[in-house]
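# Examination of the molecular architecture
Listed below are the residues making up each chain.
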Amino acid sequence: MIRLDITKALVSAGEVAAMENKVAAAQQALENGTCAGNDFLGWLHLPSSITAEFLTSIQECAQTLRENCDTVVVAGIGGSYLGARAIIEALGNSFQWLTNKGENPNILFAGNNIGEDYLYELTEYLKDKKFGVINISKSGTTTETALAFRLLKKQCEQQRGKETARRVIVAITDAKKGAARTTADKEGYTSFVIPDNVGGRFSVLTPVGLLPIAVAGFDIAKLIQGAADMEKKAAELPFAENPCMQYAAVRNVLYQKGKKIEIMVNFQPKLHYMNEWWKQLYGESEGKDGKGIFPAAVDFSTDLHSMGQWIQEGERTIFETVISIEEAEHKLLFPSDEENLDGLNFLAGKRVDEVNKMAELGTQLAHVDGGVPNMRLIVPRLNEYYIGQLIYFFEKACGISGVVLGVNPFNQPGVEAYKKNMFALLGKPGYEKETEAIKARL
């Protein structure tokens, strides 16, 4: 199992123990469905409720895409792509996409920005590819995703023909309503449902994440098993042994002590998008009502050469959570060099991962000495099973932490503000009053 080390969090055992009643009450409110946002608790027991038949339906669709595509574009934004991208990049070969010689399709992502150059370059890249599309949108009207899907749908039909396009375009959307559902039914696309009671940032263990992950060639059954095992432990373990409850408790103790920024740290480049997924999960869940820890992220040791100075000696409003991978998947020894001009022969024969581990330990000691509280999340290996545990750990701890904070962890009312302004500026029908109001401000 993954483990949480809070011994260097710079909080006392008494301070953590004092949070037990609040954390236990929050956990119970989630289980009983009595917390704010209780209509979005479908993620809570999702792993244990997934059936073998459901996974088979996902795997069969994935196999169709794998047999008919060398490239699959996932169109989605926020929770509709971050979870899948986090897991695919954590488990995949960092350089396969450069060769396109793997047995699995390359997975690309679109619909998460409105960059004209990005979309132009993507459509140019796809011109000689046998590509398919997974369109992920509850409504089908999210601007970034809808724009990308229009382009991709048209190009796929032109390059591959209507019939083939119908087989290699998949919709993941609402069960009954919305533009994406209407299009899927009209065109005859294979489709999967985004459950009504699962918000986007909690949706990685639904078809939203499972289908792209399966297309990429990873074992979604093991992913779900890891999540289900963590679900069970998180529900049954007592407070002192429960990593989800402990993480939520320490975060809230630190927040009360003026630590307003949490920095998620990894020493494994493959976890960059895991950090990005975590940032949305916690930022969108806790950042409301004038409250919430600001979620930031760094990739070490890379960012030690850019952000390390600020973390070491800047304003003491931060704490760190480090995702530490115990065992690398490959072995590479540091070579000896006869001239030794860089003075690194003392490392000859050591595994590169050992050097990385000492960088991790040295950084932790330095930052703690500099007054930065540090939690360490220990993951045995980067594989489907432990990634499944990690995903559920963060989800459950997020739900508990948000309830303890006193907010609704499952809504995101602030996300709509920029959309209203954007639509008004673009002259969308129905936004005439907003357009006039904005003109008066400019």
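A short tour of the structure in this document, coming up. Keep in mind that this is a model prediction, so the values were computed, not measured.

## Points about the pattern of salt bridges
Evaluation of the coordinates by the stated rule reveals 25 salt bridges. Here Arg85 and Glu89 are joined by a salt bridge, their closest N and O atoms 3.0 Å apart. On the criterion of helical spacing, the pair formed by Arg85 and Glu89 is a turn pair, its members being four residues apart in helix H5 (residues 82-91). Overall, the relative accessible area of 18% leaves Arg85 in the buried class. Among the residues examined, Glu89 registers a relative accessible area of 31% and is labelled partly exposed. Two residues, Glu262 and Arg251, come together in a salt bridge whose shortest N-O distance is 2.7 Å.

## Quick word on the packing of helix H18 (residues 416-426) against helix H19 (residues 432-441)
At a minimum axis separation of 8 Å, H18 and H19 run at an interaxial angle of 90 degrees. The orientation of H18 with respect to H19, classified from their angle, is roughly perpendicular. Contacts between H18 and H19 pair Asn421, Ala424 and Leu425 from the former with Glu434, Thr435 and Ile438 from the latter. Classifying every residue of the contact of H18 with H19 by side-chain character gives three nonpolar, two polar and one charged.

## A few points about the layout of surface pockets
Space inside the largest pocket adds up to approximately 1,200 Å³. Taken together, 45 residues form the lining of the largest pocket, with Ile77, Glu284, Gln412, Val415 and Lys419 sitting closest to its centre. Considering every element that reaches the lining of the largest pocket, the biggest residue donor is H18, with six residues. Partitioned by chemical class, the residues of the lining of the largest pocket number 16 nonpolar, 16 polar and 13 charged. Of the volumes computed, that of the second largest pocket is approximately 910 Å³. Lining the second largest pocket are 33 residues; nearest its centre among them are Gln268, Pro269, Lys270, Ala328 and Glu329. Per-element accounting of the lining of the second largest pocket gives the leading share, five residues, to helix H16 (residues 352-369). Residues belonging to the lining of the second largest pocket are distributed by class as follows: 12 nonpolar, 11 polar and 10 charged.

## Notes on the packing of helix H14 (residues 272-286) against helix H17 (residues 384-405)
Their axes nearest at 9 Å, the elements H14 and H17 cross at an angle of 20 degrees. Taken together, the axes of H14 and H17 are roughly parallel relative to one another. Crossing angle aside, the handedness with which H14 passes H17 is right-handed. Contacts from Met274, Trp277, Trp278, Leu281, Tyr282, Ser285 and Glu286 of H14 reach H17 at Ile387, Leu390, Ile391, Phe394, Glu395, Ala397, Cys398, Ser401, Gly402 and Leu405.

## Considerations on a nonpolar patch on the surface
On the surface, Phe95, Trp97 and Leu98 cluster together into a nonpolar patch covering about 390 Å² of accessible area. One can find Trp97 in helix H6 (residues 96-99).

## Comments concerning the sheet that holds strand S7 (residues 261-266)
The strand order across the open sheet built from five strands is S1-S10-S9-S7-S8, with neighbouring strands paired in mixed fashion. Across the chains shown, the open sheet's two edge strands, defined by having one partner strand only, are strand S1 (3-8) and strand S8 (294-299). The average undirected angle you get between the axes of adjacent strands in this sheet is 25 degrees. Sheet topology places S1 next to strand S10 (residues 374-381); four bridges connect them, and they run antiparallel. Residue pairing across strands places Leu4 opposite Leu377, the latter belonging to S10. In the packing of H14 onto the sheet, the strands contacted are S7, S8 and strand S9 (318-327), and the crossing angle to S8 comes to about 175 degrees. Of the strands in this sheet, S1, S9 and S10 touch H16, which is tilted by about 160 degrees from S9.

Criteria and thresholds
Residues numbered from 1 in each chain as written. Predicted model: local features only at pLDDT ≥ 70, side-chain atom pairs only at ≥ 80, totals over all residues. Heavy atoms only, no water. Salt bridge = Lys/Arg side-chain N within 4 Å of Asp/Glu carboxyl O. Helix = DSSP H or I, 4+ residues; strand = E, 2+ residues; numbered from the N terminus. Buried < 20%, exposed > 50% of the residue type's maximum accessible area, 1.4 Å probe, protein only. Axes fitted to C-alpha atoms, helices over the stretch in contact; angles between N-to-C directions. Parallel < 35°, antiparallel > 145°, perpendicular 65-115°, else oblique. Contact = heavy atoms within 4.5 Å. Nonpolar A, V, L, I, M, F, W, Y, C, P; charged D, E, K, R; others polar. 1 Å grid on protein atoms, 1.4 Å probe; cavity = no way out; pocket = protein on both sides within 12 Å on 5 of 7 lines; lining within 4 Å. Points joined across faces, edges and corners; volume = space filled by probe spheres on them. Left-handed = near helix turned anticlockwise from the far one by under 90°. Patch = residues over 30% accessible without salt bridge, like charges linked within 9 Å, V, L, I, M, F, W, Y side chains within 5 Å. Areas by Shrake-Rupley, 256 points an atom, 1.4 Å probe, with all protein chains shown as cover. Pairing = 2+ DSSP bridges.

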